[in-house]
Amino acid sequence: MARLTMREAISQALWEEMERDPKVFIMGEEVGVWGGTYAVTKGFYDHFGADRVRDTPISEAAIIGGGIGAALTGLRPVAELMTINFAFSAMDHIVNEAAKMHYMFGGQMVLPLVIRTVGGGGRQLGATHSQTPDAIFAHFPGLVVVAPGTPADAKGLLKAAIRSNDPVMFIEHATLYQTRGEVPEGDYIVPIGKSTIQRPGKDVTIVTYSKMLELSLKAADQLAKEGIEAEIVDLRTLRPLDMDPVIESFKKTNRAVIVEEGWKSYGVGSEITARIYEEAFDYVDAPVKRVAQKEVPLPYNRTLEQSAIPNVEDIIQAVKEVL
Amino acid sequence: MEKKEYLDLYHQMVAIRRMEERAAELYQQGKIGGFLHLYIGQEAVSTGLIAPRTPDDRVITAYRDHGVAYNCGLSAREIIAELLGKATGCSKGKGGSMHMADVKKNYWGGHAIVGAHLPLAAGLALGDLYSKTPGVTICMFGDGATNIGYFHEALNLSKVWNLPVLWVCENNQYGMGTAVDRASAVSDIRKKADGYAILNDEVDGMDVLAVKEASAKMLEEIRAGGGPRFLEINTYRFRGHSMGDPERYRKADEVHRYQENDPIGMFRKYLIAAGIASEEEIVKLEDVIEEEVRDAVEFAENSPEPAPEELYTNVYFETY
């Protein structure tokens with residue numbers, strides 16, 4: 001197995017799917033001649049040509065609306081939003097069109113659309129370019145929301161997303177692109193809608209996803225040195241949400257910490273916590289803790305920004321509080 | 001044009017009028033819920049526009065969509081059944097008045113967010129361009145939609161990519177209750193297409209034959225690879241924006257003035273004066289249409305409600 005960066009894994013999945021199926025094409029801002037603002041589609045334009053790697057104007061509604069229309073004709077567009085912060089300019093098309101059309105027209109409209117985008121803070125981009133609004137998108141039935149935390153999952157889930165006949169928001173994290181991991185070669189598929197155990201343990205359950213998986217794994221390593229074995233459940237897909245591994249783990253550990261980068265209020269952690277109480281109340285030995293972003297727009301200043309985003313120490317502390 | 005074609009146009013326009021009149025009654029009886037936007041007065045627009053399309057050509061429109069659905073070949077039965085929310089409706093009773101479609105007839109809805117379907121139309125046209133299939137996408141929208149950002153993003157993209165799309169502004173003079181010149185900096189709406197270097201024209205939307213001719217010409221140009229075209233069709237809606245519109249924004253004699261130019265009445269007169277059909281033939285046809293709509297209402301009223309489990313079907317295509 002090759003050790004690839006997240007960037008390489010995503011790029012490989014896109015490349016292989018485009019080679020496999022001529023109906024797959026990419027459209028978005030700077031995806032072609034530029035090679036992608038995060039260099040994920042570097043080399044694609046020269047290899048696949050301008051018809052299949054389509055540079056768009058700065059028109060988010062047209063990118064997503066156009067992607068929906070093309071998907072309705074049976075194509076499999078990967079429509080890219082340069083960052084998830086720009087998704088708000090296309091919110092109507094994501095929420096009122098993509099998420100609704102299959103249902104609203106009685107099943108006759110089929111949308112094999114992938115919306116590739118990237119979120120997350122920590123790069124001093126200021127309040128408008130640093131958000132983690134994943135939970136907002138996960139609120140809507142009809143939308144699939146995927147957010148991988150490892151290069152292997154990124155490859156396998158992106159392939160699954162491209163082959164799915166539903167609209168999928170595929171949310172990458174800007175500070176994970178350099179993260180390396182083992183990535184299976186060839187046609188490697190990770191099923192959508194399946195949470196997984198990324199680290200086994202018996203003392204406490206940490207539920208997380210995307211960038212916070214990396215931090216949670218570091219926290220678990222440090223806790224292990226103190227004899228605390230944390231089990232880490234990686235959600236991978238936020239909707240449809242697979243709670244089985246979470247509940248199974250919780251029934252064993254009876255304690256949980258939910259770690260997300262987005263804001264705590266109305267967030268992923270709120271949902272997971274509620275579900276634990278609803279589905280496994282008899283197993284609760286301590287109040288479930290949530291680790292999340294401070295309730296402020298992210299500031300530019302590096303120190304201030306870092307203090308607003310969850311870190312390894314926050315996770316360790318939360319774990320100790322539930323033990 | 002053959003006699004049959006003339007009578008077919010007349011059939012479609014009258015059927016839409018009768019359907020809409022029955023829909024208004026059904027709404028007043030409480031059998032139709034939600035919003036109901038009637039097409040009365042605008043029948044010549046979609047009838048003339050869609051008449052020259054080939055089966056490859058796609059049609060997409062806004063929420064005033066019952067008439068367009070009929071012109072695309074949906075039956076009065078499945079249209080009325082959808083209005084009543086029945087399982088036999090074209091969207092299985094899940095869409096309602098504003099969300100009618102039939103993909104098999106290349107009719108892509110029925111979209112209720114003003115202007116939001118214009119980018120979708122660009123995407124449908126991209127589908128044909130990408131797949132090298134011969135279809136042209138006909139995208140209808142109201143004058144009000146030309147003030148929202150989606151309109152500008154979609155028109156720009158269509159020109160940049162030379163998409164096979166016919167943009168059709170159905171100018172009925174009011175966006176809800178706001179007159180065009182109160183809402184649009186440029187009240188000559190077709191001029192907005194100039195801003196995107198899209199060739200454009202306008203036509204009298206009360207004259208079904210003129211609309212048909214203008215549509216045929218533009219579809220031909222687009223099919224030949226000429227890229228997008230823009231057609232402004234001037235019309236007038238005889239009824240309120242939706243049921244329950246108090247109509248404080250216009251005077252009754254303005255409505256009456258337009259009603260004197262009723263597109264159906266004028267076409268009827270033309271058919272007789274030009275010797276295309278006799279009064280007797282037309283009355284016979286009108287009886288047939290009356291029966292068609294009566295049957296559709298009966299069918300819809302006798303159709304079953306959607307099964308309870310339909311609540312949970314079609315949220316996703318896949319099983320996860």
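Above this note sits the structure.
None of the values given here were measured: they were computed from a predicted structure. (Residues numbered from 1 in each chain as written. Chains lettered and ligands numbered in written order. Predicted model: local features only at pLDDT ≥ 70, side-chain atom pairs only at ≥ 80, totals over all residues. Heavy atoms only, no water.)

## Examining the pattern of salt bridges
Inspection of every chain in the model, using the stated rule, returns 41 salt bridges over all chains. Linked through salt bridges whose partners overlap, the residues forming this network are A:E16, A:E17, A:R20, A:K155, A:K159, A:R163 and A:D187. (Salt bridge = Lys/Arg side-chain N within 4 Å of Asp/Glu carboxyl O.)

## Structural notes on the packing of helix α1 (residues 3-28) of chain B against helix α11 (residues 263-273) of chain B
Residues and elements named next belong to chain B. Where α1 meets α11, the axes come as close as 10 Å, and the angle between the chain directions of the two elements is 150°. With respect to each other, α1 and α11 are oriented roughly antiparallel. Along this stretch, α1 crosses α11, giving a crossing that reads as left-handed. Touching Y6, L7, L9, Y10, M13, V14 and R17 of α1 are P263, I264, F267, R268, Y270 and L271, all from α11. (Axes fitted to C-alpha atoms, helices over the stretch in contact; angles between N-to-C directions. Helix = DSSP H or I, 4+ residues; strand = E, 2+ residues; numbered from the N terminus. Parallel < 35°, antiparallel > 145°, perpendicular 65-115°, else oblique. Left-handed = near helix turned anticlockwise from the far one by under 90°. Contact = heavy atoms within 4.5 Å.)

## A short note on the pairing of strand β7 (residues 168-173) of chain A
Residue and element names in this part refer to chain A. Counting buried positions along β7 yields six of six residues, so the element is predominantly enclosed. Taken together, the three bridges between strand β6 (residues 144-146) and β7 define a ladder with parallel strand orientation. Note that in β7 the partner of V145 across the bridge is M169. Crossover connection from β6 via helix α7 (residues 151-163) to parallel β7: handedness right-handed. (Buried < 20%, exposed > 50% of the residue type's maximum accessible area, 1.4 Å probe, protein only. Pairing = 2+ DSSP bridges. Right-handed = clockwise from strand over helix to strand, strands pointing away.)

## Quick notes on the layout of surface pockets
Residues and elements named next belong to chain B. Estimates place the volume of the largest pocket at around 450 Å³. Every residue lining the largest pocket is counted, 26 residues in all, and those nearest its centre are A62, Y63, R64, V114 and H241. When contributions to the lining of the largest pocket are tallied by element, the ones reaching two or more residues are β3 (137-142) and β5 (174-175). Across the lining of the largest pocket, the residue classes break down as 11 nonpolar, 11 polar and four charged. (1 Å grid on protein atoms, 1.4 Å probe; cavity = no way out; pocket = protein on both sides within 12 Å on 5 of 7 lines; lining within 4 Å. Points joined across faces, edges and corners; volume = space filled by probe spheres on them. Nonpolar A, V, L, I, M, F, W, Y, C, P; charged D, E, K, R; others polar.)

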